[in-house]
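Inside the fold
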Amino acid sequence: MEGIDHHADERNKAEFDVEEMKIVWAGSRHAFEVSDRISRLVASDPVFEKSNRALFTRKELFKNTLRKCAHALKRIIELRLTEEEAGKMRFFVDQPAFVDLHWGMFVPAIKGQGTEEQQQKWLTLANKMQIIGCYAQTELGHGSNVQGLETTATFDPETDEFVINSPTQTSSKWWPGGLGKVSTHAVVYARLITGGKDYGVHGFIVQLRSLEDHSPLPNITVGDIGTKMGNGAYNSMDNGFLMFDHVRIPRDQMLMRLSKVTREGKYVPSDVPKQLVYGTMVYVRQTIVADASNALSRAVCIATRYSAVRRQFGAHNGGIETQVIDYKTQQNRLFPLLASAYAFRFVGEWLKWLYTDVTERLQASDFTTLPEAHACTAGLKSLTTTATADGIEECRKLCGGHGYLWCSGLPELFAVYVPACTYEGDNVVLQLQVARFLMKTVAQLSSGKAPVGTTAYMARAAHLLQCRSGVQKAEDWLNPGAVLEAFEARALRMAVTCAKNLSKFENQEQGFAELLADLVESAVAHCQLIVVSKFIAKLEQDIEGKGVKKQLNNLCYIYALYLLHKHLGDFLSTNSITPKQASLANDQLRALYSQVRPNAVALVDAFNYTDHYLGSVLGRYDGNVYPKLFEEAWKDPLNDSVVPDGYQEYIRPLLKQQLRNARL
């Protein structure tokens, strides 16, 4: 069985150039080549072995993570990898670690909020990892409500220092990755108090541990918050707690790009616009959307390959059973997730462009698109992470009982991924931010102020509020204009209905609180429109490779029509489409599933994931699933002995009816 490609027949069915699709997925030929080279480099290095992770104790897992991080840095230096290549190496090592927060949060926070001098001092050290940093914002008592944080930073003009203090138990920093055992420094968010006045939450660079022996500095209490969900999974990360007992830091360790405190203790906002902080937020949320595409594509790759291997029912006269992937019920659950993985990939690409655009505008002091960009990235972070977490779990169920095995890769992938629904903004709270922005936009329509960016469609409110879909036959649902108009009409009409209902309340905030559920649904409709429109825009680009564009076209309309089917109540209640048109959309969706079916395995091959990165017996490239499941089973420590430990004490007395005399 070794060396045989059990997916060969599936791969031979492909109607497109898989190598070209790999380049489309990666974003460019250069990105593909870097990703391909680094993923193979990691897969071939024994230090990065990860198949035994579930058997480690927490301490062993953590030490193994430290070893991998140190080895990765050593290889990055030895091979003189670029920043892009180094990032890819950390990605393919595939083990949550303190370095994720160092590079992903600590460094960007200093870049975004530190002055030139502060960046010169701290980033020089951070970039060489002579200091290791984390991002200490969330507290035991407050997460989403940043303005409710309780940690204080009180300026002492006599010593020219800030006194950082945790006045209550709920003010303890709680959850920052890397904080528990590794970080030497943190960007700590605390309420700035000077001259007896509270100026709100600001960032401060605070040293936590000695650079000589790593012990916590005086008056700092720090540790790990404990084991989290899953076997292995996110337990490789030292999420920590932190308390300060009047810890003093120099005044110049306040991040002072946006505001500063003078030697005399005067609070001075700087000339740099406060909106610059949104640039960092757009960047972080863009990376989260990209991560959603990575995680969902991984789960879909495993479920698709296994669905092609697994056979169940359908045998006649001793013939072969039916591949599970050929059942329409399987396709109806799996193919929309495959389409979503591609959709999130392309909206992630667009967000990279948006970040560049926002950054250039900020530097030119143009803030016109900022509220829209902020709302859009908040909404897309929420939409993609929710769909991905749900999608990974659906993929586990699509793999039947074997999907529940740790070696399927899906339970650990789920446990690692689900925190994304909470960190960097709780997903429901974020959609409410989007809803607030939509309500403002609707309110301004009558004033003649043109909506910008992803809300530009609202400028056509007069048309969208009264238009009727022209779809008459199933194929009409492959017309981008028809699909976009249905999604635009639904989103606008839901937003306008919410705005009308809000206007019935004398107190706007009371109305907002009462209509929260409706507002979230309105925000979701707007965000789904964004993803559909960006997928359609991708199809308008010049895409090379035999059959590649056709496959992307199929996936795009599967994504859109599946959403239409899933949220049919919205489309019908807003009169965006008729019941007959909804039925035609379903007919077209089934036809698209049939077109994707022969290409399904090749479409997940285009993700170009190594077996090492996938970490799944069910998702193996060669499809040699059953012998490998047995191999994994024999590795379990329970199988080290034929007769289990405890037989003499507990099983034998039970079988021999001697429990009364047994020493339990």
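If you look the protein up in an unreviewed UniProt entry, it shows as Acyl-coenzyme A oxidase from Arabis alpina. According to the UniProt record, the Subcellular location (unreviewed entry) comment for the protein reads "Peroxisome". Among the UniProt annotations of the protein, the heading Sequence similarities (unreviewed entry) holds the following wording: "Belongs to the acyl-CoA oxidase family."

This part takes up the overall build of the protein. For the protein, the count of helices and strands is 23 helices and 11 strands. For the protein, whose C-alpha radius of gyration is 27 Å, the value lies close to the compact-globule estimate of 26 Å for 664 residues. Along the three orthogonal principal directions, the C-alpha set of the protein runs to about 90 × 80 × 60 Å. Summarising the internal contacts of the protein: among those between residues at least 6 apart in sequence, 74% fall at separations of at least 24. A total accessible area of about 30400 Å² is found for the protein, and carbon and sulfur atoms account for 53% of it.

Direction vectors running N to C along helix α6 (residues 98–113) and helix α7 (residues 116–127) enclose 165°, while the axes themselves pass 9 Å from each other. Viewed along their axes, α6 and α7 adopt a mutual orientation that is roughly antiparallel. By crossing handedness, the relation of α6 to α7 is classed as left-handed. Contact residues: H102, W103, F106, V107, I110, K111 and Q113 in α6; Q118, Q119, W122, L123, A126 and N127 in α7.

Attention now moves to the nonpolar core. Of all hydrophobic cores here, the largest spans 141 residues; its most connected members are Y342 and W477. No other element matches the 16 residues that helix α9 (residues 328–363) contributes to this core. If you look at the next biggest cluster of nonpolar residues, it comprises 24 residues, including C134, L208, V247 and I249.

With that out of the way, let us pick up the side chain of E412. Mapped onto the fold, E412 is located in helix α11 (residues 410–417). Discounting chain neighbours no more than four positions away, the residues touching E412 are R53, N231, G232, A233 and W406.

Inspection of the entire model under this criterion finds 20 aromatic pairs. Ring geometry for W25 against F607: centres 4.4 Å apart, planes inclined by 45°, an arrangement best described as tilted. Of this pair, W25 sits in helix α2 (residues 18–26) while F607 sits in the loop between α20 (600–605) and α21 (611–614), and the two are 582 residues apart along the sequence. The pair W25 / F607 is uniform in exposure class, with both members buried. Ring geometry for Y609 versus Y613: centroids 5.0 Å apart, planes at 55°, classification tilted. Residue Y613 is classed as buried on the basis of its relative accessible area, which comes to 3%. The ring centre of F91 lies 5.2 Å from the NZ or CZ of K88, which sits over that ring. R298 extends its terminal NZ or CZ atom over the ring of Y613, reaching a point 4.2 Å from the ring centre.

Moving on, we come to the pairing of strand β1 (residues 133–136). Burial of the side chains of β1 extends over both faces: G133 and Y135 are buried on one face and C134 and A136 on the other. Where β1 lies against strand β5 (residues 185–194), 4 bridges are found, and the strand directions are parallel. Within β5, the residue paired with A136 across the bridge is V188.

Another point: the UniProt feature "domain: Acyl-CoA oxidase/dehydrogenase middle" (unreviewed entry) in the protein. Following the UniProt record, the feature "domain: Acyl-CoA oxidase/dehydrogenase middle" (unreviewed entry) maps to residues 134–235 here. The span residues 134–235 is 0% helical and 40% strand by assignment, and the distance between its end C-alpha atoms comes to 17 Å.

Our next topic: the side chain of T151. Inspection of the secondary structure puts T151 in the loop between β1 and β2 (152–156). Within the local environment of T151, its side chain forms a polar contact with the backbone oxygen of S171, the two atoms lying 3.1 Å apart. Apart from residues no more than four positions distant in its own chain, T151 is found in contact with E139, I164, N165, P167, S171, K173, Y189, A190, R191 and F244.

Keep in mind that most residues, glycine aside, have a negative phi and that most peptide bonds are trans. Of note in this structure, H246 is not a glycine but carries a positive phi near 50°. With respect to the element layout, H246 can be found in the loop between β8 (240–244) and β9 (247–250).

Turning our attention to the packing of α9 against helix α16 (residues 516–539). Between α9 and α16, whose axes approach to 9 Å, the crossing angle comes to 85°. Put simply, α9 runs roughly perpendicular to α16. Facing A339, Y342, A343, F344, F346, V347, E349 and W350 of α9, the residues of α16 in contact are I530, V531, K534, F535 and K538. Tallied by class, the residues present in the contact of α9 with α16 amount to 10 nonpolar, no polar and 3 charged.

Here we come to the UniProt feature "active site" (unreviewed entry) in the protein. Under the local residue numbering, the UniProt record ascribes the feature "active site" (unreviewed entry) to E424. Once you skip the residues sitting within four places of it in the chain, E424 turns out to touch M105, V284, R285, I288, K381 and L430.

Let us look at the sheet that holds β8. Taking strand neighbours across the sheet as the criterion, the 3 strands line up as β4-β8-β7 in an open arrangement whose pairing is antiparallel. Strands at the two margins of the open sheet, each flanked by one partner only, are β4 (173–174) and β7 (220–224). Sheet topology note: the β7/β8 ladder contains 5 bridges and is antiparallel. Across the sheet, residue V222 finds its bridge partner in β8, namely L242.

Turning our attention to the pairing of strand β6 (residues 197–207). Two faces belong to every sheet, and in a regular strand the side chains alternate between them. Strand direction decides the pairing type here: β5 and β6, joined by 9 bridges, are antiparallel. Bridge pairing in β6 links I193 to D198. Here β5 folds back onto β6 in antiparallel fashion, the turn holding 2 residues, of which G195 has a positive phi close to 60°.

So, about helix α19 (residues 579–596). Across its 18 residues, α19 extends 26 Å between first and last C-alpha, which sits within 8% of the 26 Å expected from 1.5 Å per residue. By the burial criterion, the buried members of α19 are Q581, A582, L584, A585, Q588, L589, L592, Y593 and V596.

Turning next to a nonpolar patch on the surface. Together, Y650, I651, L654, L655, L659 and L664 make up a nonpolar patch on the protein surface, roughly 620 Å² of accessible area in all. Residue placement: I651 occurs in helix α23 (residues 647–655).

All right, on to the environment of E349 then. The topology assignment puts E349 in helix α9. In this structure the C-alpha to C-alpha distance between E349 and K181, which are 168 residues apart in sequence, comes to 35 Å. The contact partners of E349, leaving out residues within four places of it in the chain, are V24, G27 and K538.

Calculation rules
Residues numbered from 1 in each chain as written. Predicted model: local features only at pLDDT ≥ 70, side-chain atom pairs only at ≥ 80, totals over all residues. Heavy atoms only, no water. UniProt positions renumbered as here; feature names shortened; annotations may be inferred. Helix = DSSP H or I, 4+ residues; strand = E, 2+ residues; numbered from the N terminus. Rg over C-alpha atoms; globule rule 2.2 N^0.38 Å. Contact = heavy atoms within 4.5 Å. Areas by Shrake-Rupley, 256 points an atom, 1.4 Å probe, with all protein chains shown as cover. Axes fitted to C-alpha atoms, helices over the stretch in contact; angles between N-to-C directions. Parallel < 35°, antiparallel > 145°, perpendicular 65-115°, else oblique. Left-handed = near helix turned anticlockwise from the far one by under 90°. Core = buried A, V, L, I, M, F, W, Y, C linked by side-chain atoms within 4.5 Å. Buried < 20%, exposed > 50% of the residue type's maximum accessible area, 1.4 Å probe, protein only. Phe/Tyr/Trp six-rings, centres within 6.5 Å; stacked < 30°, edge-to-face > 60°. Lys NZ or Arg CZ within 6 Å of the ring centre and 35° of its normal. Pairing = 2+ DSSP bridges. Polar contact = N/O pair within 3.5 Å; in protein donor to acceptor, adjacent residues only side chain to side chain. Nonpolar A, V, L, I, M, F, W, Y, C, P; charged D, E, K, R; others polar. Expected span 1.5 Å × (residues − 1). Patch = residues over 30% accessible without salt bridge, like charges linked within 9 Å, V, L, I, M, F, W, Y side chains within 5 Å. Salt bridge = Lys/Arg side-chain N within 4 Å of Asp/Glu carboxyl O.

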